[in-house]
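Below are the chains, spelled out letter by letter.
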Amino acid sequence: MKALTWQGKRDVRVETVPDPKIEEPTDAIIRITSSGLCGSDLHLYEVLTPFMTPGDILGHEPMGIVEEVGAGVPDLQAGDRVVVPFQIACGNCWMCLTGLPTQCETTQVTAEGMGAPLFGYTRLYGAVPGAQAEYLRVPQAQFGPIKVPEGPADDRFVYLSDVLPTAWQAVAYAEVPKGGSVAVLGLGPIGDMACRIAQVRGAGRVFGVDLVPERLRRAKARGVETFDLRSFDDEKELVEAIRDQTDGRGPDAVIDAVGTEAHGSAAARMVQNASALLPRKISGPLAERFSVDRLAALYTAIELVRRGGTISLSGVYGGMADPMPMLTLFDKQVQMRMGQANVRRWSDEIIPYLTDEDPLGVDDFATHRVSLDEAPEAYDMFQKKRDGAVKVLFQP
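Because the structure is a prediction, the values reported are computed rather than measured.

Peer 1: I'm lost on unusual backbone geometry in this one. Help?
Peer 2: Backbone phi values are negative for most residues with the exception of glycine, while trans is the configuration of most peptide bonds. The backbone of T122 shows a phi angle near 65 degrees, a positive value even though the residue is not glycine. Following the sequence through the fold, T122 ends up in the loop between α2 (94–97) and β6 (135–138). Here T122 falls in the buried class, since its relative accessible area comes to 4%. Backbone geometry at E175 places phi at a positive 50 degrees, although glycine is not the residue there.

Peer 1: Is there a simple way to think about the side chain of Q169 in this case?
Peer 2: Note on placement: Q169 falls in helix α3 (residues 163–174). Residue classification places Q169 among the buried positions, given a relative accessible area of 2%.

Peer 1: Would you explain the packing of aromatic side chains in this entry?
Peer 2: Aromatic ring pairs: the centre-centre distance and the angle between the two ring planes describe each pair. What the rule picks out here adds up to five aromatic pairs. One Lys or Arg, R218, reaches over the ring of F365 and ends 4.8 Å from the middle of that ring. Over the ring of W346 we find R345; its NZ or CZ atom is 4.0 Å from the centre of that ring.

Peer 1: How should the environment of G99 be read in this particular structure?
Peer 2: Of note, G99 is situated in the loop between α2 and β6. Once the C-alpha coordinates of G99 and R345 are considered, the two residues, 246 residues apart in sequence, prove to be 5.2 Å apart. When sequence neighbours within four positions are dropped, the list of residues in contact with G99 reads N342 and R345.

Peer 1: What is the right way to look at the environment of L185 in this model?
Peer 2: The topology assignment puts L185 in strand β8 (residues 181–185). With relative accessibility at 4%, the residue L185 sits in the buried group. Distance in space between the C-alpha atoms of L185 and I255 is 6.1 Å, their sequence separation being 70 residues. Setting aside residues no more than four positions away along its own chain, L185 makes contact with V209, V254, I255, D256, A257, V258, A297, T300, A301 and L304.

Peer 1: Could you clarify how one ought to interpret the pattern of salt bridges in this entry?
Peer 2: A side chain of one charge can pair with a side chain of the opposite charge if their charged atoms are brought near each other. Evaluation of the coordinates by the stated rule reveals 27 salt bridges. Because the salt bridges share partners, they merge into one network encompassing D380, K384, R386 and D387.

Peer 1: Any chance you could explain the nonpolar core here in plain terms?
Peer 2: The tendency in soluble globular proteins is for nonpolar side chains to be buried as a group. Grouped together as the largest cluster of nonpolar side chains are 73 residues, with contacts concentrated most on Y159, L164, M193, I255, Y379 and F394. Per-element tally for this core: the top contributor is α3, with nine residues. Sequence-distant contacts of Y159, defined by excluding residues within four places in its chain, comprise L164, P165, V362, F365, A366, K391 and L393. A183, V209, A241 and L298 belong to the second-largest nonpolar core, a separate cluster that totals 21 residues.

Peer 1: Is there a simple way to think about the UniProt feature "domain: Alcohol dehydrogenase-like N-terminal" (unreviewed entry) in the protein chain in this case?
Peer 2: The UniProt entry lists residues 25–146 under the feature "domain: Alcohol dehydrogenase-like N-terminal" (unreviewed entry), expressed in the numbering used here. In the segment residues 25–146, helix accounts for 10% and strand for 21%; the C-alpha atoms at its two ends are 18 Å apart.

Peer 1: What exactly am I supposed to notice about the sheet that holds strand β10 (residues 225–228) here?
Peer 2: Backbone hydrogen bonds are what pair the strands of a sheet, in a parallel or an antiparallel way. Read from one edge of the open sheet, six strands run β10-β9-β8-β11-β12-β13, paired in parallel fashion. Looking along the sheet, the strands with just one partner apiece sit at the ends: β10 and β13 (335–338). When strand polarity is set aside, the average angle formed by the axes of neighbouring strands in this sheet is 20 degrees. Here five bridges tie β8 to strand β9 (residues 205–210), and the two strands are oriented parallel to one another. Bridging from a neighbouring strand, A183 pairs with F207 of β9. Together, β11 (253–256), β12 (310–313) and β13 form the strand contacts of α3, whose direction differs from that of β12 by roughly 160 degrees. Contacting β9 and β10, helix α5 (residues 213–220) crosses the sheet at an angle of about 165 degrees to β10.

Peer 1: I keep staring at the packing of helix α6 (residues 235–243) against helix α9 (residues 296–304) and nothing clicks. Help me out?
Peer 2: Between two packed helices, both the angle of their axes relative to each other and the distance between the axes serve to describe the pair. At a minimum axis distance of 10 Å, the contact between α6 and α9 shows a crossing angle of 40 degrees. Judged on the interaxial angle alone, α9 and α6 are oblique. Classified by chirality, the crossing of α9 by α6 is right-handed. Of α9, the residues touching α6 (which contributes E235, L238, V239, I242 and R243) are Y299, T300, E303 and L304. Residue classes in the contact of α6 with α9 are distributed as five nonpolar, one polar and three charged.

Peer 1: How should I be thinking about α6 in this particular structure?
Peer 2: Think of an α-helix as turning once every 3.6 residues; residues three or four places apart then point the same way. What α6 keeps buried is the set L238, V239, A241, I242 and R243. Along its buried surface, α6 packs onto β9, β10, α9 and α10 (326–332).

Peer 1: Can you help me understand a negative patch on the surface in this one?
Peer 2: A cluster of acidic residues, D233, D234, E235 and E237, forms a negative patch on the protein surface. Position of E235 relative to the elements: it lies in helix α6.

Peer 1: Whenever I open this one, the packing of α3 against helix α11 (residues 343–350) confuses me. Can you help?
Peer 2: Two elements in contact, α3 and α11, have axes separated by 9 Å at closest approach and are oriented at 90 degrees. On the basis of their axis angle, the class for α3 and α11 is roughly perpendicular. Listed contacts from α11 to L164, P165, W168, Q169, A172 and Y173 of α3 are V343, W346, E349 and I350. Tallied by class, the residues present in the contact of α3 with α11 amount to eight nonpolar, one polar and one charged.

Peer 1: What am I meant to see in the environment of Q245 here?
Peer 2: You can see Q245 is positioned in the loop between α6 and β11. What Q245 contacts, discounting residues up to four positions off in sequence, is R205, F207, E225 and F227.

What counts as what
Residues numbered from 1 in each chain as written. Predicted model: local features only at pLDDT ≥ 70, side-chain atom pairs only at ≥ 80, totals over all residues. Heavy atoms only, no water. Helix = DSSP H or I, 4+ residues; strand = E, 2+ residues; numbered from the N terminus. Buried < 20%, exposed > 50% of the residue type's maximum accessible area, 1.4 Å probe, protein only. Phe/Tyr/Trp six-rings, centres within 6.5 Å; stacked < 30°, edge-to-face > 60°. Lys NZ or Arg CZ within 6 Å of the ring centre and 35° of its normal. Contact = heavy atoms within 4.5 Å. Salt bridge = Lys/Arg side-chain N within 4 Å of Asp/Glu carboxyl O. Core = buried A, V, L, I, M, F, W, Y, C linked by side-chain atoms within 4.5 Å. UniProt positions renumbered as here; feature names shortened; annotations may be inferred. Pairing = 2+ DSSP bridges. Axes fitted to C-alpha atoms, helices over the stretch in contact; angles between N-to-C directions. Parallel < 35°, antiparallel > 145°, perpendicular 65-115°, else oblique. Left-handed = near helix turned anticlockwise from the far one by under 90°. Nonpolar A, V, L, I, M, F, W, Y, C, P; charged D, E, K, R; others polar. Patch = residues over 30% accessible without salt bridge, like charges linked within 9 Å, V, L, I, M, F, W, Y side chains within 5 Å. Areas by Shrake-Rupley, 256 points an atom, 1.4 Å probe, with all protein chains shown as cover. Lys, Arg positive; Asp, Glu negative; His and termini not counted. Charge placed at Lys NZ, Arg CZ, Asp CG, Glu CD.

Written out as structure tokens, the structure is:
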């Protein structure tokens, strides 16, 4: 089959690799019909290279048609149309039953000290072959895949794999009071969708911050009060501008949908780039113990949120030696919640919104739909924010 493989920093290639096979009774094989390109994939493309191995198959946002199932998968059969969550969990352990499948005790990557494995996402998360491919082996298929009806185009459901539950969890963790206010930093796919979800969940005012014109226009068209980073000389001006809209206090909640890719510390970026140039045997252990994130977005969130408010982190951070302004966090009595999205925890709440009325705008959420053969160019376009790229779907 064809699959998109990682070969090095900013180097991804479509190659022919062996077809996946059933290896365990709880496996299924899915023929991919759509697979998303996620902002998290750019971390592999740019920042997390010490944890990658040439030949790794990328991608974690798939849907498709079941081709084959193992004997331990009673609720799926060939021909079923499914969306596959990006994490792999059993559904039966204490963590899964508590609503935390990202911490699944059956599948935890204990050798790396990490939670549940993820499709196509570094050795830290199990080095599981990913979904930017023609076929995908799905472990723990007795729990993971979400059956969806025939009829609507893939766009209606494919975001259940990651974008929708990640944005939903970001808003749920933010605990925005009914009629309250929330600021979303970063209007890429997750931030954009978080704004939409905050609106349908009853937020009174939603502020969106970005510096890409297409993203700002997209959010503004859906009623988000947008702030263009390029219009401010520094962070303090931006913070004051939003505070002026919230009686001088700041919003009730801030969602950081940017993560470590934020424009910010040149020193942190230099460390990231330098580690990516080292041999993997050296760079991996160094990154695990001494890596530093670019924390511009998180620092802005801490400064911006009102006293006693909540910060919800959905942007990926991977540093182990990040300096945190603990005095400010403690003094402002800020609450923080974060983590990989627990897809199956939220999917049943989200599905009622995936109707023909399309209140979340999923049907036209993608800005680009390309073939798998065009994936390397799509990564470059998305990373450089060219051609209005906000969400890319691959259709093998």
